[in-house]
Amino acid sequence: MYERLRSKSLSICFQGLVERVDQHLLNALVESESPTSILDKVFAEYSHELRRSGQIPAQFEEDVFEELRELTLEVIRKRTYGCLTIEAFKKKLP
């Protein structure tokens, strides 16, 4: 039961990350940028939110943020698969 609860809380936590990636991709001001160019913006906002909420103990923060940065990049890559620019990504949307 603990694993199921833990898994559910993690998926809720990462849902916020996915929503933030989508928001930045759709609101990108410079559409000729590559999708990975929003990585720093998304990561900075999300990590700031996690710090502020106190969800990560200080002694694990560096490791968690390193993994979170990789996860953010993976989400961006999966969302924009096959698109070299944000403009191409937006054109691909239904």
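Quantities reported herein were computed from a predicted structural model and do not represent experimental measurements.

What about the overall build of the protein chain?
Secondary structure assignment for the protein chain yields four helices and zero strands. When the helices and strands of the protein chain are read in sequence order from the N terminus, they spell out α-α-α-α. When burial is assessed residue by residue, the protein chain has 28% of its 94 residues classed as buried. Only carbon and sulfur atoms are counted for the fraction: they give 54% of the accessible area of the protein chain, which is about 6,800 Å².

Concerning the packing of helix α2 (residues 39-53) against helix α3 (residues 61-79)
Packing of α2 against α3 leaves a shortest axis separation of 10 Å and a crossing angle of 140°. On the basis of their axis angle, the class for α2 and α3 is oblique. Note on packing geometry: the crossing formed by α2 with α3 is right-handed. Contacts from Leu-39, Asp-40, Val-42, Phe-43, Tyr-46, Ser-47, Leu-50 and Arg-51 in α2 reach Glu-61, Phe-65, Leu-68, Arg-69, Thr-72, Leu-73 and Ile-76 in α3.

A closer look at the packing of aromatic side chains
Going through the model one piece at a time under the given rule, you end up with one aromatic pair. With a centroid separation of 6.1 Å and 90° between ring planes, the pair formed by Phe-43 and Phe-65 is classed as edge-to-face. With Phe-43 in helix α2 and Phe-65 in helix α3, the pair connects residues that are 22 residues apart, well separated along the chain. With respect to class, Phe-43 is no different from Phe-65; both count as buried. Across from the ring centre of Phe-43, 5.2 Å away, lies the NZ or CZ of Arg-69, which sits over that ring.

Quick look at the confidence of the model for the protein chain
Looking at the protein chain as a whole, the pLDDT averages 80, with 84% of positions reaching at least 70. Within the protein chain, helix α1 (residues 2-26) has the poorest average pLDDT of any element, 66, and α3 the best, 89.

The rules behind these values
- Residues numbered from 1 in each chain as written.
- Predicted model: local features only at pLDDT ≥ 70, side-chain atom pairs only at ≥ 80, totals over all residues.
- Heavy atoms only, no water.
- Helix = DSSP H or I, 4+ residues; strand = E, 2+ residues; numbered from the N terminus.
- Buried < 20%, exposed > 50% of the residue type's maximum accessible area, 1.4 Å probe, protein only.
- Areas by Shrake-Rupley, 256 points an atom, 1.4 Å probe, with all protein chains shown as cover.
- Axes fitted to C-alpha atoms, helices over the stretch in contact; angles between N-to-C directions.
- Parallel < 35°, antiparallel > 145°, perpendicular 65-115°, else oblique.
- Left-handed = near helix turned anticlockwise from the far one by under 90°.
- Contact = heavy atoms within 4.5 Å.
- Phe/Tyr/Trp six-rings, centres within 6.5 Å; stacked < 30°, edge-to-face > 60°.
- Lys NZ or Arg CZ within 6 Å of the ring centre and 35° of its normal.
- pLDDT = per-residue confidence, 0-100.

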